[in-house]
Amino acid sequence: MTLNKSKELLLEMKNIHIDGFSDERWHKILKGVDLTLHRGEILGLIGESGAGKSTMGKAAMGYTQPGCKIIKGEINFNGIDLAKLTEFEKRKIWGTKISYVAQSAAASFNPAHRLMDQTISAANRLKINPTDVLKKDAVQLYESLQLPDAENIGDRYPHQVSGGQLQRIMTAMAMSPRPELIIFDEPTTALDVTTQVEVLSAMRSIVDKFNTAAIYITHDLAVVAQMADRIKVLRYGEEVEEAETRDMLSNPKEEYTKSLWSVRSLIKPEETNEDYMLSIKNIDAAYGSSKVLHNVSIDIPKGKTVAIVGESGSGKSTTARVITGLLPQLKGEIIFDGKKLSPKLEQRSKEELRRIQIIFQMPDTAMNPRQTVDEIIGRPIEFYQGIKGKERESKVIELLKMIELDETFLDRLPSELSGGQKQRICIARALAANPDLIICDEVTSALDQIVQEGILKLLQKLQKELGVTYIFITHDIATVKAISDEIVVMYQGEVVEQGLKSKILNPPYPDYTELLLSSVPEMDPDWLTNLLNKRSS
Amino acid sequence: MLRLSLGLVTVFAFSVIIFSTFSFLPGDFATEILGQSATKSAVKALRAELGLDKPPVTRYFDWLGNVFQGDFGSSFSGRSKVQGDQGDRSREVVGLIVPRLKNTLFLTGVAAMLAIPLSLILGISAALYRNSYYDRSATGVSLVTVSSPEFFTAYIFILLLATLFPVFPTISNVDEASTLAERFYRTALPVFTLTLITMGHMMRMTRSAIINILSSEYIEMAKLSGASRYEVIVKHALPNAWAPISQVIAINLAYMLIGSVVVEYVFNYQGIGRLMVGSVYNRDLPVVQACALIFASTYVILNLIADLIGIISNPRLLYPK
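What you are looking at is a predicted structure, and each value in this text was computed from that prediction instead of being measured.

## Observations regarding the overall build of chain A
Part 1 of the reasoning: In terms of helices and strands, chain A carries 21 helices and 20 strands.
Part 2 of the reasoning: Here chain A has a C-alpha radius of gyration of 25 Å; the compact-globule value for 537 residues is 24 Å, and the two agree.
Part 3 of the reasoning: Judged by the C-alpha coordinates and their principal axes, chain A covers about 70 × 50 × 45 Å.
Part 4 of the reasoning: Of all 537 residues assigned to chain A, the portion counted as buried reaches 45%.
Part 5 of the reasoning: The contacts in chain A between residues at least 6 apart in sequence include a share of 71% that link residues at least 24 apart.

## Some words on the overall build of chain B
Part 1 of the reasoning: Each helix and strand counted, chain B has 14 helices and 0 strands in total.
Part 2 of the reasoning: Counted from the first residue to the last, chain B has its helices and strands arranged as α-α-α-α-α-α-α-α-α-α-α-α-α-α.

## Observations regarding the domain arrangement of chain B
Part 1 of the reasoning: Looking at the assigned domains, one finds that chain B contains domain 1 (2-68) and domain 2 (93-318).
Part 2 of the reasoning: Put simply, the middle of domain 1 of chain B and the middle of domain 2 of chain B, counted by C-alpha atoms, are 33 Å apart.

## Regarding the sheet that holds strand β15 (residues 339-341) of chain A
Residues and elements named next belong to chain A.
Part 1 of the reasoning: Spatially, the 4 strands line up as an open sheet ordered β12-β11-β14-β15, and their pairing is antiparallel. Each end of this open sheet is capped by a strand with a single partner; those strands are β12 (290-301) and β15. Between one strand and the next, the sheet's axes are offset by a mean angle of 25°, whatever the strand orientation.
Part 2 of the reasoning: Sheet topology places strand β11 (residues 276-287) next to strand β14 (residues 331-336); 5 bridges connect them, and they run antiparallel. Paired with lysine 281 across the strands is glutamate 333, a residue of β14.

## A closer look at the packing of helix α14 (residues 373-385) of chain A against helix α16 (residues 419-432) of chain A
All names here are of chain A.
Part 1 of the reasoning: The N-to-C vectors of α14 and α16 enclose an angle of 20°; their axes lie 7 Å apart at closest approach. The angle between α14 and α16 falls in the class roughly parallel. With respect to the hand of their crossing, α14 and α16 are arranged in right-handed fashion. Of the residues in α16, those in contact with Val373, Ile376, Ile377, Pro380 and Ile381 of α14 are Ile425, Ala428, Arg429 and Ala432.
Part 2 of the reasoning: Partitioned by chemical class, the residues of the contact of α14 with α16 number 8 nonpolar, no polar and 1 charged.

## Things to note about the sheet that holds strand β7 (residues 181-185) of chain A
All names here are of chain A.
Part 1 of the reasoning: Taken together, the 6 strands give an open sheet; going across it, the order is β6-β7-β8-β3-β9-β10, and neighbouring strands pair in mixed fashion. Pairing within the sheet leaves two strands with one partner each, and these edge strands are β6 (98-101) and β10 (238-244). Strand-to-strand, the axes of this sheet are offset by a mean angle of 15°, without reference to chain direction.
Part 2 of the reasoning: Direction of pairing for strand β9 (residues 230-235) relative to β10: antiparallel, over a ladder of 6 bridges. Opposite isoleucine 231, over in β10, you have alanine 243 as the bridge partner.

## Some details on the pairing of β11 of chain A
All names here are of chain A.
Part 1 of the reasoning: In this structure, β11 lies alongside β12, joined through 8 bridges in antiparallel fashion. Pairing of tyrosine 287 across the sheet is with serine 290, part of β12.
Part 2 of the reasoning: The hairpin formed by β11 and β12 contains 2 residues between the paired strands, and glycine 288 there has a positive phi angle of roughly 60°.

## Structural notes on the nonpolar core
Part 1 of the reasoning: Ile215 and Tyr216 of chain A together with Cys291 of chain B are the most contacted members of the largest nonpolar core, which has 149 residues in total.
Part 2 of the reasoning: When residues in this core are grouped by element, the largest group, 16 residues, is from helix α11 (residues 229-267) of chain B.
Part 3 of the reasoning: Sequence-distant contacts of cysteine 291 of chain B, that is, excluding residues within four places in its chain, are made with Ile97, Ile272, Leu275, Met276 and Ser279 of chain B.
Part 4 of the reasoning: Counting 69 residues, the second-largest nonpolar core is a separate cluster that includes Ile358, Ile359, Cys426 and Ala482 of chain A.

## Some thoughts on the interface of chain B and chain A
Part 1 of the reasoning: Listed by partner, the interface residues are 16 residues for chain B and 23 residues for chain A.
Part 2 of the reasoning: Counting residues per element, the ones that place at least two in the side of chain B that touches chain A are α10 (217-224), α11 and α14 (315-318) of chain B.
Part 3 of the reasoning: No other element matches the 5 residues that α10 of chain B contributes to the side of chain B that touches chain A.
Part 4 of the reasoning: For the side of chain B that touches chain A, a count of residues per class yields 7 nonpolar, 6 polar and 3 charged.

## Focus: the domain arrangement of chain A
Residue and element names in this part refer to chain A.
Part 1 of the reasoning: Each assigned domain of chain A is listed here: domain 1 (41-64 + 91-255) and domain 2 (276-506).
Part 2 of the reasoning: Computed over C-alpha atoms, the centres of domain 1 and domain 2 are 35 Å apart.
Part 3 of the reasoning: Each partner contributes to the interface: domain 1 provides 6 residues, whereas domain 2 provides 6 residues.

## Some details on helix α7 (residues 150-164) of chain B
Residue and element names in this part refer to chain B.
Part 1 of the reasoning: The terminal C-alpha atoms of α7, which comprises 15 residues, lie 20 Å apart, in line with the 21 Å expected from a rise of 1.5 Å per residue.
Part 2 of the reasoning: The sharpest bend along α7 comes to roughly 30°, located at isoleucine 158.
Part 3 of the reasoning: Along α7, the residues classified as buried are Glu150, Thr153, Ala154 and Phe157.
Part 4 of the reasoning: In this structure, the buried side of α7 is in contact with α9 (188-214) and α11.

## A word on unusual backbone geometry
Residues and elements named next belong to chain A.
Part 1 of the reasoning: The phi torsion at glutamine 146 lies on the positive side, around 55°, for a residue other than glycine.
Part 2 of the reasoning: A residue is classified by how many C-beta atoms lie within 10 Å of it, and glutamine 146, with 14 of them, is partly exposed.
Part 3 of the reasoning: If you check the backbone angles, tyrosine 236 has positive phi at about 50° while not being a glycine.
Part 4 of the reasoning: Here tyrosine 236 is to be found in the loop between β9 and β10.

## Some thoughts on the environment of leucine 159 of chain B
Part 1 of the reasoning: Relative to the helices and strands, leucine 159 of chain B resides in helix α7.
Part 2 of the reasoning: Of the residues examined, leucine 159 of chain B has 12 C-beta atoms within 10 Å and is grouped as exposed.

## Re the pairing of strand β16 (residues 356-359) of chain A
Residues and elements named next belong to chain A.
Part 1 of the reasoning: Alternating residues of β16 divide into Ile356 and Ile358 and Gln357 and Ile359, and every residue in both groups is buried.
Part 2 of the reasoning: Two strands pair when backbone bridges link them, and β16 and strand β17 (residues 437-441) are joined in this way by 4 bridges, in the parallel orientation. Note on β17: the bridge partner recorded for glutamine 357 is isoleucine 438.

Calculation notes
- Sequence order as written defines residue numbering, which begins from 1 separately in each chain.
- Both sets of labels track the order of writing: A upward for chains, 1 upward for ligands.
- Confidence filtering applies because this is a predicted model: local features only for residues at pLDDT of at least 70, side-chain atom pairs given and counted only at 80 or more, and all residues used for totals across whole chains, interfaces and linings.
- Going along the chain from the N terminus, every DSSP run of H or I of four or more residues is numbered as a helix, and every run of E of two or more is numbered as a strand.
- Note on method: radius of gyration uses C-alpha positions; expected globular size equals 2.2 Å times residues raised to 0.38.
- Here the C-beta atoms are placed from the backbone, and a residue counts as buried if at least 20 other C-beta atoms lie within 10 Å of its own, exposed if 12 or fewer do, and partly exposed otherwise.
- By definition, residues are in contact whenever their C-beta atoms, placed on the basis of the backbone, come within 7 Å of each other.
- Bear in mind that the domain bounds are from an automatic or database domain assignment.
- Paired strands, as defined in this entry, are two strands with at least two bridges between them according to DSSP.
- Between the N-to-C directions of two axes lies an angle of 0 to 180 degrees, each axis being a line fitted to C-alpha atoms and, for a helix, fitted only over the stretch in contact.
- Under this scheme an angle from 65 to 115 degrees is roughly perpendicular, one under 35 degrees roughly parallel, and one over 145 degrees roughly antiparallel; angles in between are oblique.
- Each crossing gets its hand from how the near helix is turned against the far one by less than a right angle, where anticlockwise is left-handed and clockwise is right-handed.
- Basically, the charged four are Asp, Glu, Lys and Arg, the nonpolar ten are Ala, Val, Leu, Ile, Met, Phe, Trp, Tyr, Cys and Pro, and anything else, Gly included, counts as polar.
- Nonpolar core, as used here: buried Ala, Val, Leu, Ile, Met, Phe, Trp, Tyr and Cys residues forming one set through C-beta atoms within 7 Å.
- By definition here, a helix of n residues has an expected span of 1.5 Å times n minus one.
- The bend reported for a residue corresponds to the angle between axes fitted to the seven residues ending at that residue and the seven starting there.

Put into structure tokens, the structure is as follows:
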């Protein structure tokens, strides 16, 4: 995987400036970034959201999203400057010479057409091979991407296959016209770790097989380490540094690059408590007729953090819904601080409601966009504690200070806050009720690494000061290591195991825990290769 | 199946509403026909003959039972006014309605065949050239046509195409003997009117349904895989827009049918709308009820068809996981 200097240059982007229009004015998204790529080489583009990595990836095709425009710069692809071509000329290159794999496969396939038709549509446009040849080729691609039932899977519609399979089919679609360059735009971000491993290995082997050049965009260093020959780090639309993968991992030069994996160094000493804040016993729950929780029992020690981990569909969030009363259980009971809670939300007292609060994954959708910070935090204070007027205002400011913000935020709307600030406001809103138990449902998964670290530190600090108990629902093992005392592993609506962090994260493991833990990408370029060798042996 | 039974329930509920509304109208056929100077006994006798003396609930179920057998009863008007007159000229409601219904369906059918393709083409092309002068003028003009009441549009047409430039007749009287060409010629103005009042809405909704879809990720994906503008709209956006578009078309066809009440009156066209207006005036309950029921059922049927198109055009509903 070493860079061969004699390789032929495929793509050369020089001094790219791109502006985007939002909030009634133009912003600079990219401020003069260069990029070179040789044939058969994979370049990793990494950075937080807003770093401009996705814009850069699309610019490599000469494409900008509606509302963006290329101000300056050259995009030389095979000696042609894409920035100078007309839409019509670029269309002849898109999809055939350069293809694109998007983040959300589920949203990027047209729901109205069969997968096979979509897979070969770009290659069909070339009119080199007849449709039946293309279909045969697509089936072979499906096979080499290890899709089940490769022969017939193309006859299905997008909604009939899983997210991981869709992502692989999109890779087949990108590969079908045998492009010279593929842009992978966060292709595994929306997937579970266990699925991510399969998709990563499938994508890597097929890119190797056809010696296709690729730009791999992600915010996850560990993932890019498995894929890329070289890594370029972007921040605020500018390049931070670029180096070969191994050099970058072993010896990052810039402070910023080092900070990108600092969250993984955050570790909390575990403690437990015999006194339980909450116990759920033998819970069964269902959505309509489909049963999603089977005999789930979990104990939450007082003043501690219990992390519930598992992939999507394992029942983690459903457990949270049952505890809060949003989804009454069919069977079993919930004991909160020694007293039985009624299953239905309507039958719980205001006091019981106050003592259990929840923080959601998406702070954007969890807040009323037309309410100011003052109203968002002030309402639970008024509702649960009956505090009004001046006293209420000083309470709100006190809470803002607690979450490391200040009174200048009082009149802001959610749209005027950054992602991390929004999540902090949601934390303050939960704290405003002065709760004993806070359920954190994937609170950091929509945030960047550095912001994640800040939020996790804040939550730990609050626990020390206020003695509040957390249930931390997540699929990210790094987060679990950073914050939990105890861990509950769930799989398909059942508890696989529960115990202290040291017990769960160290062998011997039950099979599923082993699979889950081994699928978490590590900051080692050989991790994926080693893992696949180990699994196949 | 569920939709079908829900549709039936809707029609049934509607029949109750229709029936009770007309029962609560002040005055009935007997007082209307015999005039204000009629003696109480004469009114009573006529009511007894027509069955109007029975309690409303009984009358409702009698009527409903007959409707199920395809018998909408007899029209009140045209019956013999004098007791004992053997020449009963009373007419069956079905016989009265069917030819009128045919006329109305002809009128609205022609208008629909003109309006639907036109508005689809205009809507799609407006979405294709969004924010161009063409798009702006098309949406602007359509707003004007949607906002004008149908009688106003009708009179504008009469002024332009019948008075100033006498191309088409103002009176659209057709009968059994009229040939097809004659029918087209005579109904031209009402057809234009109905087309114009419904087209604006359909066109605007088609445009916005497609523009809505144009912002989805799979459209960007289609563009990035080299699809042309035309291909993006017709192959990628339109198949996903059928559900909202068919809903709008259904509502507008129903609106067209209802709009025909006014338009038929303006152009003196012998359709069901005109029949209904006349019958309301006479308190001719069986005819009014039958007409109203036909309107209600058409509405329900059109919506059912739209739902069906929505299901057929959506693989997520057609092919479960």
